[in-house]
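In case you want the letters, here they are:
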Amino acid sequence: MSLIVKETQQELRTRIIDALGRAVANGELPAEPIPDFNIEKPANSANGDFSSNVAMAGARAFKNAPRKIAESIVNNIDLEGTLFEKVEIAGPGFLNFFLSQNYYSEIVKDVINKGEDYGKSEYGKGKKVIVEFVSANPTGPMHIGNARGGAIGDCLASVLGYAGYEVSREFYVNDAGNQIEKFATSLEVRYLQIYKDDVEMPEDAYHGVDITNHAKAFAEEFGDKYVEVESAERRKALVDFALPKNIAGLERDLLQYRIKYDRWFNESTLHNDGSVKEVIEKLKSLGVTYEQDGALWFKASEFGNDKDIVLVRANGLPTYIVPDIAYHYNKLVTRGYDKAVDVLGADHHGYVPRMKAALTALGVDASRLDCVIMQMVRLVRDGETIKLSKRSGKAITLTTLLDEIPIDAARFFFNLREPNSHFDFDLDLAAQQTSQNPVYYVQYAHARICSIIKKAQSEGVTLRTPTDEELNLLTSDEEKDLIRHLSGLTDEIIASAKAYDPARITHYVIELATLFHKFYNAQRVVVDDEGLMQARLYLCTAVKDTIKNILTMLKISTPETM
């Protein structure tokens, strides 16, 4: 929560405890330890700005009806010198506290004074968090699931940064294992087909046009040099030629999507530096493995997984899970991150308990690994599910999606639902420039405020910081609702960080835009009363700055005209 909200809440708690102390001292209540009680914001502002259950919580300790305890607190509480102006008893004994106008004025000043830092907190206490997301197979283009994972992962990393964590973004490059072998086979066949007629592509290989293009480019550079060499040499040359181009393409496409990673971590590093072998030996030395049918098994069922898992096949090759275990061990132990967060597809539900079981067996606190499971996206146009690009007629990938809709819309839309919910992405709506499009609606609120301020200045108004007395003129319901919502940004960012749910932030900023439009439609900003006009322009500026902070956090543009 913002410092003002936090201090106000702490002050209220102190005043309630002092009131109970007085009630005990004058004999209204028995001398008993004060039980824990809550102070929270009511959903309905008609029930006050803060509410407390202290009377209900104290009923057993004080051996009194909650209503009587509430009356004693009200009789003994001193709100002098606080930002509260009154307290009321509701229902069986709830205490509803109402803030004075000074509180609302302080919130607006706080927003303006903090500027770009408004909404930030030290909740994370500088703990180091590594967020790994997308990590698409480098053997082909990124699909729509990767597009959603990119938006969620990048925005989540920003949210964690605003909440006071030290955040690193990482892409894990699967440049080893079965998919690279399949990639090599596919490239080899397409290359040999240029020079021979009797080479057939296996059914389970990669049949995409990108493979053909790589083979042609390789042939243009090296000719038939690799046609008659050993297959292993040919395959290595083809992969060494094509894979870096694919990885560079992934990086280029993600940069277009406004995602810049702190590190691209290659799986091959773990094989080459001995980390994969070391993990196997560690698990063996800990006595948590056994051999069966020539394979090496990990006793994962003893560490929370539903069954044991194979680490090394009978042919001596490690399964895919081993480098993944080594990778997470590298993040949490070797590099010492306090927390690792993986954004994973819906097909990874079983992966999480396996990974946590392995970390536990290795002596690592598995709670330091958190996984965000992301559900599938359905692309919709004219109410129908579509799979092909309107422009190219090919399957929609990240790049073809960004050819059809603005990047702002893609990033915003993919964060409209919590990650674990299925999502229908409306391509028609995302391309619209109307108030029905949520990102346009929010950007329009920002642009409208810029226009209001420019118009006022063109009419000779000089913007200045209003006095406290002038700010206290912001008393309408629309103004108070707007300020009340502004005061909750820091709390919302912290809640979003705790839940790993950036959608909370898009919902917050949509609501902020809604409340601003409601205020604008109900109250004129440029009025004859100079003090009220300056206060309203100041409030508009606070809303504009907050929208900009949020959209900047989400890496979405904030146009000043639309």
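Computed from a predicted model, the values in this text were never measured in an experiment. (Residues numbered from 1 in each chain as written. Predicted model: local features only at pLDDT ≥ 70, side-chain atom pairs only at ≥ 80, totals over all residues. Heavy atoms only, no water.)

Caption draft 1: Region of the structure containing the environment of Ala25. Tracing the sequence through the fold places Ala25 in helix H1 (residues 3-25). For Ala25, a relative accessible area of 68% translates into the label exposed. Spatially, the C-alpha atom of Ala25 lies 81 Å from that of Gly393, the residues being 368 residues apart in sequence. (Helix = DSSP H or I, 4+ residues; strand = E, 2+ residues; numbered from the N terminus. Buried < 20%, exposed > 50% of the residue type's maximum accessible area, 1.4 Å probe, protein only.)

Caption draft 2: Fine view of the nonpolar core. Residues Tyr257, Phe414 and Phe425 are the most contacted members of the largest nonpolar core, which totals 142 residues. For this core, the leading source of residues is helix H22 (residues 530-553), giving 13 residues. The contact partners of Tyr257, leaving out residues within four places of it in the chain, are Ala147, Gly150, Ala151, Leu398, Leu402, Ile407, Ala410, Arg411 and Phe414. With 36 residues, the next largest nonpolar core counts Tyr172, Ile309, Leu332 and Ala340 among its residues. (Core = buried A, V, L, I, M, F, W, Y, C linked by side-chain atoms within 4.5 Å. Contact = heavy atoms within 4.5 Å.)

Caption draft 3: How the structure looks around the environment of Ser435. Among the secondary structure elements, Ser435 is positioned in the loop between helix H16 (427-431) and helix H17 (438-458). Separated by 37 residues in the primary sequence, Ser435 and Leu398 have C-alpha atoms spaced 25 Å apart. Setting aside anything within four residues of it in sequence, one finds Ser435 in contact with Tyr440 and Tyr441.

Caption draft 4: Representation of the pattern of salt bridges in the model. Tallied over the entire structure, the rule returns 32 salt bridges. Here Arg411 ties to Asp154 by a salt bridge, and the two come within 2.8 Å at their closest N and O atoms. Taken together, the positions of Arg411 in helix H15 (residues 407-413) and Asp154 in helix H6 (residues 144-162) put the pair 257 residues apart, joining distant regions of the chain. Across the pair, exposure class does not vary: Arg411 and Asp154 are buried alike. Notably, a salt bridge pairs Arg504 with Glu492, separated by 2.7 Å at the nearest N-O pair. Taken as a pair, Arg504 in helix H21 (residues 503-522) and Glu492 in helix H20 (residues 489-499) lie far apart in primary sequence, twelve residues in all. You can call Arg504 partly exposed: its relative accessible area is 32%. (Salt bridge = Lys/Arg side-chain N within 4 Å of Asp/Glu carboxyl O.)

Caption draft 5: Region of the structure containing the packing of helix H5 (residues 101-114) against H22. Viewed as axis vectors pointing N to C, H5 and H22 meet at an angle of 50°, and their least axial separation amounts to 9 Å. Classified by the angle their axes make, H5 and H22 are oblique. Crossing of H5 against H22: the hand is left-handed. Contact residues: H5 offers Val108, Lys109, Val111, Ile112 and Asn113, while H22 offers Tyr538, Leu539, Thr541, Ala542, Asp545 and Thr546. The class makeup of the residues in the contact of H5 with H22 is six nonpolar, three polar and two charged. (Axes fitted to C-alpha atoms, helices over the stretch in contact; angles between N-to-C directions. Parallel < 35°, antiparallel > 145°, perpendicular 65-115°, else oblique. Left-handed = near helix turned anticlockwise from the far one by under 90°. Nonpolar A, V, L, I, M, F, W, Y, C, P; charged D, E, K, R; others polar.)

Caption draft 6: Examining the environment of Lys339 more closely. As for its position among the elements, Lys339 is in strand S11 (residues 339-345). Overall, the relative accessible area of 23% leaves Lys339 in the partly exposed class. In contact with Lys339, other than residues within four places in its own chain, are Lys128, Val129, Ile130, Leu332, Ser367, Arg368, Asp370 and Tyr500.

Caption draft 7: Expanded view of the side chain of Gln179. For Gln179, the location among the structural elements is in helix H7 (residues 178-195). Of the residues examined, Gln179 reaches a relative accessible area of 19% and is grouped as buried. What Gln179 contacts, discounting residues up to four positions off in sequence, is Asn137, Thr139, Asn174, Tyr206 and Glu267.

Caption draft 8: Fine view of H7. Taking 1.5 Å of rise per residue, 18 residues should cover 26 Å, and H7 covers 26 Å from first to last C-alpha, within 8% of that figure. Turning to H7, its buried residues number three or more, namely Gln179, Ile180, Phe183, Ala184, Ser186, Leu187, Glu188, Val189, Arg190, Tyr191 and Leu192. Looking at the buried positions of H7, the neighbouring elements they touch are helix H8 (209-222), helix H9 (231-256) and helix H10 (267-272). (Expected span 1.5 Å × (residues − 1).)

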